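Each chain, letter by letter, is given below.
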Amino acid sequence: MSAVEVKTRRRVVGSDLTRHDAVEKVQGRTAYAADFSLPGMLHARLKRSDYAHARLARVDTSAAEAIDGVVSVYTAADVPRNTVWVDVPGQTLEVGALKARSNVLADEVVRYHGEPIALVAAETEDAALAAVDAIAIDYEPLAVVDDAERALDPDAPRIHETGNMLAHWELEEGDVEAGLDAAEAMVESEYRTQFVDHAYLEPEAGVSWRDTDGVITIRAATQVVEHFRDVAKILDLPDNRVRLITPYVGGGFGGKEDMTVEPYLGIVVALTGRPVRMVWSRQESLMARQNRHAVRMRYRTGADAGGRLVAMDVDILSDGGAYALLSALVLLYSTTCAAGPYRCPNVRIRARTVYTNHTPCSAMRGFGGMQVALGYEGQMDLLAAELGIDPLELRRLNFVERGDTLPIGQPLETTVELPALVDAVTDRLGPLPEPSGRRRAVGRGFACNLQPYGRCVWLNDWSSAWIGFELDGTLVIRIAVPDIGGGQASSLIQIASETLGVPPERIAIHIGDSALNPLTGTTTATRQLYMSGNAVLEAARRLRERLAGVAAELLEVEPERIEFAAEGVRERDGSRSLDFKALLAACASVDVAWHVLATYRAPKGVPWQADETWRGRVFPDFTYGCHAADVEIDLDSGQARVLRYVAAHDVGQAINPQSVEGQIEGGVAMGLGYALSERLVFEEGQNLTGSFAQYLIPTAVEVPDITPVILESGEGKGPFNARGIGEPPIGPPAPAVAAAIHAATELRLTELPFTPERISAAIGAREEAADATS
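**Things to note about the nonpolar core**
Core analysis: the largest hydrophobic core is formed by 121 residues, its most contacted members being Ile 316 and Phe 754. In terms of nonpolar packing, the next biggest core, distinct from the first, is built from 47 residues, Leu 500, Ile 511, Ala 535 and Val 596 among them.

Here it is in structure tokens:
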């Protein structure tokens, strides 16, 4: 139900249509990356480092190579181009070139536990595993840096020759110190978030072969079809000699944005000529695949007597792990969002990310925007208590509005419906539940957020789509978008159906193939509906205009009076019509093509300069949300149980409300795991989390009934004015739960996750202190 009504009523867009891939997934017929095999296929495995930081004194593969069934064992020296560079924005910053450098296989030094050292290809999985165990490695241990603060010390061991500073973003707007000095109330706190895994159902997997034209084809679970170019560079091949196919992906959340199995599959095929499959175990996935950054945030926030924010000082330090990957870009999101959806005239932000000997960190749902939500929302609750103002009223006083500018210089050009979102949440909450027993307490917490959708405008982002009719009147969409389970392909079908009138069941879509489909860019940054949706909409509108001209001639009416329907076209408010078969035959007779290739190009901007006076646009637009959580605390065990959860977001226009609700519910569930239980545990750089028995994901028992609320303001940069919704719901759960815990216990916890041990320790410390003073 929409609290902000959209006046335009549409035929297909806005309907709860069943996704075109839903039935086969429910029936277990979807062929994921690992569900594929070829005759004579090899099996590939990786030998990974046992140390977090060490020099490789000797890597002896002779015993492994002698095992029956082992075809080859490769080390760094065998890789045509072992160094991988990934461009990220920020090349004008003082901290290096900010091109993310990593190795395919470790060369001379390993920098994190689990770093790949050797690649085995064998006839069977058992032979490959035996060969991995047989590889002999002599390590010379090096000093481990396992703390981001320690990495900044001048005498800290250097992870890379360039030093431990990976990237930094800094800005200052106004006079922060004067603002804090003049504030009626000033609150200060430190917040810490943990390393988190993506925990998707489908592990990293793929199959590769050389086709009859000699092109190396890789069929892998990835969020980025364009990785075919990276693999080509590694193999020292032209880009067009590598093809990447992405079947439906069983979850990504950013974990399949960087390459995983792709380069290793390509290497084996290139060097053996044989097809090969690689599937990572869950232990490998948890141990060695990039994860969410752990972040330390320090906030000082001041307000006047009426509750208006006057100054904010933010210091952010994130642990980027052993290699850069996308850390600089993640930090940019944190910098942009650090002040939250609040107006403040004086803001200083210093954001840094450093190298350590932890597993490399990179993209994960929320991409730097969710960690800072714990900080800015915690500060709003502290200020509300200090000033004696209701927390929601304090937020209302300070919400940004259309026309405002974020501290980084980002203009807000679309409507900001945060007051309506707050109303929508409070209207659905009802009274606070009663505690379920003695020594239990219940509290309610709120949190709001903003999250960008679409990639940074400095990246000159674009997406292409091809749409064409078959002669029988059915429609085909060709687009290389990877569908990672969020319904990306189905939403594109709805957009085409809405525009051209063809029913969704008569539309086929071909996705995820770098060779046969127009490229669309990454399924990341909540960008595919925005980018590929606009590309499909543009193609469909151009095709509609082209066909309407032919139809108008045949029906002897103005093109504006042509209406597209399920079986063909017709005169609006008239009796004359033409089925698609006849229309397409007419198009052929007058040399009018019935297919269109279109490209949507995102807004552009001027990249950040290493100059404190720089201000400008960073992202296309933002999605806003407000959440509320009712949480019960067991005062003896410290167990937190979420009783009720309401989450509201303005999505501009819901293309498929059912899918939007699913994204909100899934984001909340993931956010609650982040808030209460999930964490990767390291000890001196060693990753101790090897299975889901140790990494505690919320189950159906722990996840409450979630009430998703969809607001449709009709304003967004996506197709039909939609906004992105894939990432925004994950930000508010942690601060909302923190506020609810405080409401129940008067304890302000600032370090995630809020485990029973942590809550119980805080309750115990408070009770001991009370006993000591009584």
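**Some points on the pairing of strand S3 (residues 70-74)**
Within a regular strand, the side chains alternate between the two sheet faces. Burial analysis of S3 places four of its five residues in the buried class, the great majority of the element. As paired elements, S3 and strand S7 (residues 116-122) share four bridges and run antiparallel to each other. Residue pairing for S7: Val 73 is matched across the bridge by Val 120.

**Some points on unusual backbone geometry**
The amide bond that connects Leu 752 to the next residue, Pro 753, takes the cis arrangement and shows omega of -5°. As for its placement among the helices and strands, Pro 753 is situated in the loop between helix H17 (733-745) and helix H18 (756-773). Positive phi, close to 80°, is recorded for Glu 108, a residue that is not glycine. On the secondary structure map, Glu 108 appears in the loop between strand S5 (99-103) and strand S6 (109-110).

**Focus on the sheet that holds strand S19 (residues 462-469)**
Pairing in this open sheet of four strands is mixed, and the strands run S21-S20-S19-S25 from one edge to the other. Bordering the open sheet on either side are strand S21 (507-510) and strand S25 (595-601), each of which pairs with just one other strand. Taken pair by pair, the neighbouring strands of this sheet meet at an average axis angle of 20°, ignoring direction. Note that S19 and S25 share seven bridges and pair antiparallel. By the bridge assignment, Ala 465 is partnered in S25 with Ala 598.

**Overview of the packing of aromatic side chains**
Under the criterion given, the structure shown has 15 aromatic pairs. On the numbers, 4.6 Å between centres and 70° between planes, the contact of Tyr 333 with Phe 367 is edge-to-face. Here Tyr 333, found in helix H9 (residues 327-337), pairs with Phe 367, found in the loop between strand S17 (347-354) and helix H10 (371-387); they are 34 residues apart in sequence, far enough to count as distant. Using a relative accessible area of 2% as the deciding quantity, one classes Tyr 333 as buried. By relative accessible area, which is 8% here, Phe 367 ends up buried.

**Some words on the packing of helix H14 (residues 528-555) against helix H15 (residues 580-589)**
For the pair H14 and H15, the least separation of the axes is 10 Å and the interaxial angle reads 95°. Taken together, the axes of H14 and H15 lie roughly perpendicular to each other. Contact residues: Leu 547, Val 550, Ala 551 and Leu 554 in H14; Leu 583, Ala 586 and Cys 587 in H15. The residue inventory of the contact of H14 with H15, partitioned by class, reads seven nonpolar, no polar and no charged.

**Considerations on a negative patch on the surface**
Residues Asp 146, Asp 147, Glu 683 and Glu 684 make up a contiguous surface patch of negative charge. Following the sequence through the fold, Asp 147 ends up in the loop between strand S8 (136-141) and helix H4 (148-151).

**Here we look at the environment of Ala 552**
Residue position: Ala 552 is located in helix H14. With 18 residues separating them along the chain, Ala 552 and Arg 570 place their C-alpha atoms 9.3 Å apart. With sequence-adjacent residues up to four places away left out, Ala 552 is seen in contact with Val 557, Glu 558, Pro 559 and Ile 562.

**Some words on the domain arrangement of the protein chain**
Its domain assignment divides the protein chain into domain 1 (2-28 + 462-601), domain 2 (33-38 + 199-288) and domain 3 (294-456 + 609-773). Computed from C-alpha coordinates alone, the two centres of domain 2 and domain 3 are separated by 34 Å. Together, the buried faces of domain 2 and domain 3 total about 1100 Å²; carbon and sulfur atoms form 65% of this surface. Together, Phe 253, Asp 258 and Leu 286 form the three largest contributors to the area buried by domain 2 at its contact with domain 3, with a combined 52%.

**Considerations on the packing of H10 against H17**
Close contact between H10 and H17 brings their axes to 8 Å; oriented N to C, the two are set at 35°. The two elements H10 and H17 meet at a crossing, and its hand is right-handed. Between H10, through Ala 373, Leu 374, Glu 377 and Asp 381, and H17, the contact on the second element is made entirely by Ala 734, Pro 735, Ala 738 and Ala 739. Classifying every residue of the contact of H10 with H17 by side-chain character gives six nonpolar, no polar and two charged.

**Here we look at helix H11 (residues 391-398)**
Those residues of H11 lying buried are Leu 392, Leu 394, Arg 395 and Asn 398. For H11, the angular spread of buried residues about the axis comes to 160°, placing them on one side. As for H11, its buried residues are in contact with strand S16 (309-319), H10, helix H12 (418-429) and strand S18 (440-453).

**Focus on the pattern of salt bridges**
Working definition: two side chains of opposite charge can pair if their charged atoms are close together. Inspection of the entire model under this criterion finds 52 salt bridges. When the shortest N-O distance is used, the salt bridge between Asp 21 and Lys 25 registers 2.9 Å. Note on Lys 25: relative accessible area 26%, which makes it partly exposed. Across the pair Asp 423 and Arg 396 runs a salt bridge, and its minimum N-O distance is 2.4 Å. Of this pair, Asp 423 sits in helix H12 while Arg 396 sits in helix H11, placing them 27 residues apart in sequence. For Arg 396, a relative accessible area of 29% puts it in the partly exposed group.

**Re H12**
If you check H12, its first and last C-alpha atoms are 17 Å apart, about what 12 residues at 1.5 Å a residue would give, namely 16 Å. Among the residues making up H12, those that are buried are Leu 418, Ala 420, Leu 421, Val 422, Ala 424, Val 425 and Leu 429. Remark: Gly 430 follows H12 within two positions and exhibits a positive phi of approximately 75°.

**Section: the sheet that holds strand S24 (residues 577-579)**
Spatial strand order, S22-S23-S24: three strands in an open sheet with antiparallel pairing. Of all the strands in the sheet, just strand S22 (562-564) and S24 have a single pairing partner and so form its edges. Neighbour to neighbour, the strand axes of the sheet diverge by 20° on average, direction disregarded. Bridge analysis of strand S23 (residues 568-571) against S24 gives three bridges, and the strand direction is antiparallel. The residue bridging Arg 570 from the neighbouring strand is Ser 577, located in S24.

**Details of the confidence of the model for the protein chain**
Of all residues in the protein chain, 97% attain a pLDDT of 70 or more, and the chain-wide mean is 95. Scored below 50 in pLDDT, residues 1-7 makes 18 contacts in the model with residues more than four places away or belonging to other chains. This model gives residues 88-98 a pLDDT under 50, and the stretch forms 30 contacts once residues within four places in sequence are excluded.

What counts as what
Residues numbered from 1 in each chain as written. Predicted model: local features only at pLDDT ≥ 70, side-chain atom pairs only at ≥ 80, totals over all residues. Heavy atoms only, no water. Core = buried A, V, L, I, M, F, W, Y, C linked by side-chain atoms within 4.5 Å. Buried < 20%, exposed > 50% of the residue type's maximum accessible area, 1.4 Å probe, protein only. Helix = DSSP H or I, 4+ residues; strand = E, 2+ residues; numbered from the N terminus. Pairing = 2+ DSSP bridges. Axes fitted to C-alpha atoms, helices over the stretch in contact; angles between N-to-C directions. Phe/Tyr/Trp six-rings, centres within 6.5 Å; stacked < 30°, edge-to-face > 60°. Parallel < 35°, antiparallel > 145°, perpendicular 65-115°, else oblique. Contact = heavy atoms within 4.5 Å. Nonpolar A, V, L, I, M, F, W, Y, C, P; charged D, E, K, R; others polar. Patch = residues over 30% accessible without salt bridge, like charges linked within 9 Å, V, L, I, M, F, W, Y side chains within 5 Å. Areas by Shrake-Rupley, 256 points an atom, 1.4 Å probe, with all protein chains shown as cover. Salt bridge = Lys/Arg side-chain N within 4 Å of Asp/Glu carboxyl O. Lys, Arg positive; Asp, Glu negative; His and termini not counted. Charge placed at Lys NZ, Arg CZ, Asp CG, Glu CD. Domains from an automatic or database assignment. Buried area = accessible area lost by both parts, 1.4 Å probe. Left-handed = near helix turned anticlockwise from the far one by under 90°. Arc of directions from axis to C-beta. Expected span 1.5 Å × (residues − 1). pLDDT = per-residue confidence, 0-100.

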